[in-house]
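Residue strings, one per chain:
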Amino acid sequence: MALQKCGLNLDQRARELKSHGTAAFPCAAYQDRYGEGEKQAVSWHWHEELEVARVKSGVMSLQIPGKRLTLGEGDLVVINSGVLHSAVPEPKCELQSLVFHGDLVAGGKNSVFSERYLSPLMKTDVFRACVLKKQEQQEANGWFLQAFEAMAHEPAGFEFHVREELSRLCFFLYQQYEETMERENAGGQGRDSLRIREMLEYIHSNFSEELSLADIAGAADIGARECLRCFQRTLQVSPKQYLLRYRVMEGARILAAEPWRSIGETAALCGFDSPGSFSMMFKRFYKCTPREYRKTISEEMSAKNGQKKEEIG
């Protein structure tokens, strides 16, 4: 399996479509750099799997609906199943992560591990993302590193080691939230999270069109003012700002994946009224023009292909 680069493939609801690991062993390890010429951010997304991420170096700002969390070198964060999240380097960071399905730890939905421990933890709205600071939770940091190193080097029986360390981490989280879960309603995600998913699905399906605030609000059957409040409470940006960023990120994806398209055609596909406005917004987010970005991607691909040929030869 070894380490993989982070890369999102999302459906219209911002749900990640990528399979993490295999059906037999549903766990994958990732390591990537962000900021200063690297990837600029991890866009809003969610997945059924739990995720444990560690800042190997630098500083990262993680955002979940209604909350922003800052992680420094060596800090861990555990993100629950189904929770929308995004991340931005401050100004750069290297990130390690393990994304795994609950069944890896539970062994099946009818097991005592699932029914008593993991299922209640994954269903409660009390636990959305838990930050474990390095200086306060060195033991948890050690569990992660043991599992991550096993995934990276795959020694004999590494699957047992990974499952054991992730089980320790899950039980630790259960203990942290046990009393709170008994007091709080563990019925699932709140109203804002559901509304945001509906509105993001609408934006992702229609981002190339001319969208009004009323259009976006209507996707969740709420008024324009409540739409603005909902976006601010959960994502800390306005619907217009989110739409603009999504259009630019889609533009970056097209520039990399479809090099035969012109800048003007790419701009139109992403909902911009002119190549100039697209280039201006693109430079604001990526610190370079669309042409410069495409040239950099092309050079990186050529270098990688050349390296592969050398390895084969």
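Residues numbered from 1 in each chain as written. Predicted model: local features only at pLDDT ≥ 70, side-chain atom pairs only at ≥ 80, totals over all residues. Heavy atoms only, no water.

The chain appears in an unreviewed UniProt entry as AraC family transcriptional regulator from Candidatus Lachnoclostridium stercorigallinarum.

Trainee: Would you explain the overall build of the chain in this entry?
Mentor: When helices and strands are counted, the chain shows 11 helices and eight strands. Each of the 313 residues in the chain was classed as buried or not, and the buried ones make up 45%. Looking at the chain alone, contacts between residues at least 24 apart form 72% of all its contacts between residues at least 6 apart. Roughly 16300 Å² of accessible area belongs to the chain as shown, and the carbon and sulfur atoms make up 49% of that amount. (Helix = DSSP H or I, 4+ residues; strand = E, 2+ residues; numbered from the N terminus. Buried < 20%, exposed > 50% of the residue type's maximum accessible area, 1.4 Å probe, protein only. Contact = heavy atoms within 4.5 Å. Areas by Shrake-Rupley, 256 points an atom, 1.4 Å probe, with all protein chains shown as cover.)

Trainee: Can you help me understand the packing of aromatic side chains in this one?
Mentor: Any aromatic ring pair is given by two values, namely how distant the centres are and how the planes are angled relative to each other. A full pass over the atoms with the stated rule returns 13 aromatic pairs. Seen in terms of ring centroids, Phe-25 and Phe-158 are 5.9 Å apart; in terms of plane orientation they differ by 75°. Their pairing is edge-to-face. Within this pair, whereas Phe-25 is found in the loop between strand E1 (3-4) and strand E2 (27-34), its partner Phe-158 is found in helix H4 (residues 158-183), the two being separated by 133 residues in sequence. Using a relative accessible area of 7% as the deciding quantity, one classes Phe-158 as buried. (Phe/Tyr/Trp six-rings, centres within 6.5 Å; stacked < 30°, edge-to-face > 60°.)

Trainee: Is there a simple way to explain the environment of Gly-223 in this structure?
Mentor: Tracing the sequence through the fold places Gly-223 in the loop between helix H6 (213-218) and helix H7 (224-234). Exposure remark for Gly-223: the relative accessible area of 43% places this residue in the partly exposed category. Distance from Gly-223 to Leu-213, taken between C-alpha atoms, is 9.1 Å for residues 10 residues apart in sequence.

Trainee: How do you make sense of the pattern of salt bridges when you look at a structure like this?
Mentor: Charged atoms that come close allow side chains of opposite charge to pair. Using the criterion set out here, one finds 10 salt bridges in the structure. Measuring nitrogen to oxygen at the nearest pair gives 3.6 Å for the salt bridge that ties Arg-168 to Glu-165. Taken together, the positions of Arg-168 and Glu-165, both in helix H4 and three residues apart, correspond to about one turn of that helix. In this structure, Glu-226 engages Arg-233 in a salt bridge whose closest nitrogen and oxygen atoms are separated by 2.7 Å. Among the residues examined, Glu-226 registers a relative accessible area of 17% and is labelled buried. By relative accessible area, which is 35% here, Arg-233 ends up partly exposed. Residues joined in a network through salt bridges with shared partners are Arg-195, Glu-226, Arg-229 and Arg-233. (Salt bridge = Lys/Arg side-chain N within 4 Å of Asp/Glu carboxyl O.)

Trainee: Mind showing me how you'd approach the packing of helix H8 (residues 239-257) against helix H10 (residues 275-286) here?
Mentor: Axes are the key here: two packed helices are described by the angle between their axes and the distance separating the axes. Orientation of H8 relative to H10, taken along the N-to-C sense of each, is 90°, at an axis distance of 10 Å. Our classification of the angle between H8 and H10 gives roughly perpendicular. Facing Leu-244, Arg-245, Val-248, Met-249, Gly-251, Ala-252 and Leu-255 of H8, the residues of H10 in contact are Phe-278, Met-281, Phe-282, Phe-285 and Tyr-286. Broken down by class, the residue content of the contact of H8 with H10 amounts to 10 nonpolar, one polar and one charged. (Axes fitted to C-alpha atoms, helices over the stretch in contact; angles between N-to-C directions. Parallel < 35°, antiparallel > 145°, perpendicular 65-115°, else oblique. Nonpolar A, V, L, I, M, F, W, Y, C, P; charged D, E, K, R; others polar.)

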